[in-house]
Amino acid sequence: MNNSVENRFFAIVCGALLVFVAPLFVLFLFLSSERADKEIRDHISVLLVANAQALAKPLWDLDADSVTQISATVVSQGAIVKVEVRDQSGQLDVSQSTIPRSFDGKLVQVSRAIIYNTVDGPKNLGSISVFYPALGLFSGLKQEEVVFISIFIFAVLAVFATALIGNRIFVIQPLMRLTAAIEATRQLGSRHHVDWQSNDEMGRLAQSFNEMQTKLENEETELKLAHRRTTDIYNLTPAMLFSLDEEDRITAVSDYWLLATGYHRAAVIGRNFSDLVTSFTRDKFVKRKSQRENGTGEVTVKFICMDGRIMDVLIMETALTTQGQEGQSLSVMTDVTELKASEDRNHRQAISDHLTGLLNRQGFEAVLDSKIAAADAADQELACLFVDLDRFKWINDNMGHAAGDAALIELVERLKTLLAPSDEAARLGGDEFAILLPAKNAEKRARAMCDQIASIFETPFGPDMHLSASVGIAIYPRHAATAAELLQKSDMAMYAKKRDGKNGAQIFDNSMLDHARRRAEIEANIEAGLADDWFEAYLQPIVNLNGRGIAGFEALMRLNHPQKGLMPPAEIISVAEETARIVRVGNVIMEKAIANLAKISRLPGMQDTYLAVNFSPLQFEPALAARLAAILGRHGILPDRIVVEITEAVLMHDNPQIRTIVTELRRFGCRIALDDFGTGYSSLSYLNRFPVDIIKIDQSFTRAINDADDDVRQKSRMLIEGITTLSHKMNCTVIAEGIETEEECGTLHQMGLDYGQGYLFHRPQNAARLIEELSSSPPNVARAS
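Residues numbered from 1 in each chain as written. Predicted model: local features only at pLDDT ≥ 70, side-chain atom pairs only at ≥ 80, totals over all residues. Heavy atoms only, no water.

Trainee: So, the sheet that holds strand β14 (residues 504–507): which residues are in play, and what are the values?
Mentor: An order of β11-β12-β10-β13-β14 is seen for the five strands of this open sheet, with the pairing classed as mixed. The open sheet has two edge strands, β11 (424–429) and β14, and neither has a second partner. Across this sheet, the average inter-strand angle for adjacent strands is 20 degrees, counted without regard to direction. Summarising the sheet, strand β13 (residues 468–476) and β14 pair through four bridges and their orientation is parallel. Bridged to Ile473 within β14 is Ile507. Where helix α11 (residues 401–416) meets the sheet, it contacts β10 (381–390), β11 and β12 (432–439), and its direction lies at approximately 5 degrees from that of β12. Relative to the sheet, helix α13 (residues 483–499) contacts β10, β11, β12, β13 and β14, its axis offset from that of β13 by approximately 145 degrees. (Pairing = 2+ DSSP bridges. Helix = DSSP H or I, 4+ residues; strand = E, 2+ residues; numbered from the N terminus. Axes fitted to C-alpha atoms, helices over the stretch in contact; angles between N-to-C directions. Contact = heavy atoms within 4.5 Å.)

Trainee: Please give an account of the packing of α13 against helix α14 (residues 511–532) that cites residues and values.
Mentor: Across the interface, α13 lies against α14 with an axial gap of 10 Å and an inter-helix angle of 85 degrees. As the angle between them shows, α13 and α14 are arranged roughly perpendicular. In contact with Lys489, Met492, Ala493, Ala496 and Arg499 of α13, α14 contributes Met512, Leu513, His515 and Ala516. Considered class by class, the residues forming the contact of α13 with α14 number six nonpolar, one polar and two charged. (Parallel < 35°, antiparallel > 145°, perpendicular 65-115°, else oblique. Nonpolar A, V, L, I, M, F, W, Y, C, P; charged D, E, K, R; others polar.)

Trainee: How would you summarise the packing of α14 against helix α16 (residues 582–600) if you had to cite specific residues and measurements?
Mentor: In the contact formed by α14 and α16, the axes pass within 11 Å of each other and the chain directions differ by 40 degrees. By the criterion of interaxial angle, the relationship of α14 to α16 is oblique. Here α14 runs over α16; the crossing is left-handed. Across the interface between the two elements, Ile526, Glu527 and Leu530 from α14 touch Arg584, Val585 and Val588 from α16. The residue inventory of the contact of α14 with α16, partitioned by class, reads four nonpolar, no polar and two charged. (Left-handed = near helix turned anticlockwise from the far one by under 90°.)

Trainee: An account of the nonpolar core is needed here, citing residue identities and associated values.
Mentor: If you look at the biggest cluster of nonpolar residues, it comprises 71 residues, and the most contacted ones within it are Phe553, Leu611 and Phe620. The element contributing the most residues to this core is α16, with ten residues. Aside from chain neighbours lying at most four places away, what touches Leu611 is Leu539, Phe553, Ala555, Ala593, Ile594, Leu597, Arg641, Ile642 and Val643. Counting residues in hydrophobic clusters, the runner-up holds 33 residues, among them Leu385, Ile435, Leu437 and Leu467. (Core = buried A, V, L, I, M, F, W, Y, C linked by side-chain atoms within 4.5 Å. Buried < 20%, exposed > 50% of the residue type's maximum accessible area, 1.4 Å probe, protein only.)

This is how it looks when you write it as structure tokens:
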């Protein structure tokens with residue numbers, strides 16, 4: 001209780017009395033003492049003056065009795081307790097004292113000289129000294145002052161007592177009640193109130209305390225209700241909820257968690273959650289904290305249930321932070337066993353070919369990496385066989401996709417019988433397959449496998465369904481250092497076999513890289529030519545064999561490289577066809593050729609000449625007719641002056657869209673020419689199925705009509721005569737290509753051909769040079785029917 005409010009208040013009041021009242025009281029006593037001392041001194045001063053005069057005569061006469069008598073009179077006056085009279089000569093020394101023996105105080109001495117006036121003047125006969133007790137603080141108090149001081153002290157004590165009593169009643173008592181209420185709240189847990197009412201600060205304090213208690217009581221009630229609701233939600237929510245501490249020990253689990261896992265709450269509380277996870281996913285669970293973002297994270301592990309079954313679970317975890325530090329976490333666990341199984345099925349489907357069941361390209365590329373790693377580990381080689389079927393497109397186009405799919409399925413069934421357990425096969429797309437063969441001597445194994453693959457094609461896959469395969473072989477690590485490089489080089493080897501005649505196997509060699517680089521260079525030149533306008537439309541005149549007059553011109557593509565000059569068109573066209581850039585190239589050549597025809601048409605006699613433009617199968621887009629009409633309209637060329645040259649490769653597609661576009665061009669007014677006639681399949685049937693106006697006999701027949709071999713010469717002439725007769729009966733004009741000698745020209749003219757083109761008449765030239773040539777020597781002009 002030494003630090004109680006009441007003791008502190010008492011100390012404050014006492015301190016105030018000592019600081020303020022006590023100094024005033026002491027000052028009052030000091031002033032009273034000074035006043036009393038001054039009064040005594042004044043009285044003694046007067047007394048000494050009078051007695052000094054009275055003692056002058058007796059002292060002059062050395063009358064000791066008179067001096068003693070006067071001294072006795074002086075010592076009886078007021079506060080004087082001692083008198084001493086001495087003459088100057090020392091003959092007389094009188095001392096009177098009333099000091100009691102018990103007095104041990106201090107005496108104050110006051111002296112005065114005794115002067116006697118003689119005939120000779122005043123003489124100092126001696127001195128009189130009186131002594132009185134020194135006054136203390138209380139010695140000088142008068143009776144009325146003592147009464148005043150007593151009243152003052154009583155008043156101070158009364159105020160002091162009143163303050164203490166008031167403090168106890170109005171401060172200490174409510175504080176004690178407040179303290180009692182707080183202590184009761186602390187000890188008993190219930191919210192106690194202060195029984196105190198007043199209009200002062202203590203009353204307001206008690207009222208505020210009671211209101212606070214009421215509010216806290218309501219909040220506690222709400223918190224208890226919320227906690228009960230939270231607990232109910234935690235336990236009754238149909239989700240596997242659980243909580244972990246900072247060391248991954250289970251602190252709480254929901255009822256649904258217990259129901260789903262089969263555990264009892266007492267058996268799991270306090271256990272480390274990682275103990276309930278399979279060993280091969282335990283590290284994944286432990287490392288999940290390092291992968292959290294903003295305190296949340298997720299992990300998929302395999303959970304061990306009470307009955308021993310394994311459950312794939314997705315755990316979504318949120319860290320509960322306290323004072324900036326992560327402590328406990330709240331997690332929800334979801335059974336994703338079926339989902340994982342579905343994902344596995346979807347993954348298998350994603351990496352498998354739906355038709356054959358083999359791996360697809362994505363799955364093959366993934367397996368290829370693992371096979372290379374396994375080959376390295378086993379110190380083996382790995383052969384990659386890139387298989388491409390020959391004539392499969394013909395089966396699809398002529399017998400239908402269902403027949404093609406059936407052939408692929410049958411092929412895979414036969415192929416599976418050749419594979420060892422360590423081998424892997426995949427369908428990369430369409431009719432392309434890949435096979436991986438690990439072995440110590442991979443080349444030997446690959447060649448043996450190619451012989452076996454060739455054998456499975458000996459038996460037809462159906463009526464008139466004879467297939468073969470071109471196979472490219474690349475070996476890791478002899479030919480390639482990576483999976484992508486291995487697949488690429490086996491692909492190169494396969495294309496090399498395709499170029500060499502198909503139906504067989506070809507192992508990779510570095511010369512194929514030169515071809516690939518050449519091809520890549522051509523692709524780059526094509527792209528640069530399109531971007532920088534390197535492509536030119538050369539024109540080769542077509543002449544009437546009867547009179548040699550120019551009937552028209554054939555537009556030929558040329559790429560004029562700024563450094564390399566004119567490049568061989570055959571390679572460029574082949575690569576452009578394979579990369580589908582032929583559409584852009586063809587459009588450029590078509591527009592430039594028509595622009596050149598417009599310039600040539602301004603020359604005398606050239607107004608009715610026509611232009612033959614070659615079209616690739618890929619150029620037959622729905623917008624072709626509209627694009628051609630726009631170009632012709634821009635240059636003022638009539639549609640009947642345009643001949644659309646198509647090859648049998650275009651017609652072999654038997655594509656309804658191509659047939660529709662060809663018909664639309666014919667209806668627009670353009671004429672249709674069948675180029676390279678006689679070199680493909682079923683040529684005569686195309687004359688019946690398509691609106692053909694012009695037949696162009698391939699230059700191979702032209703060269704053969706004067707062949708040294710009589711048999712070849714005779715058959716070639718019979719074929720040309722038959723084609724010419726049949727074409728004329730179908731109202732088609734016949735043009736011979738590749739005429740280089742007068743002998744060839746005369747023979748063809750005798751056989752009834754209408755027109756011809758070749759180096760004998762004109763070489764292909766750019767438009768500027770051809771116009772200059774035609775302008776300098778105007779040629780004969782023939783009208784092509």
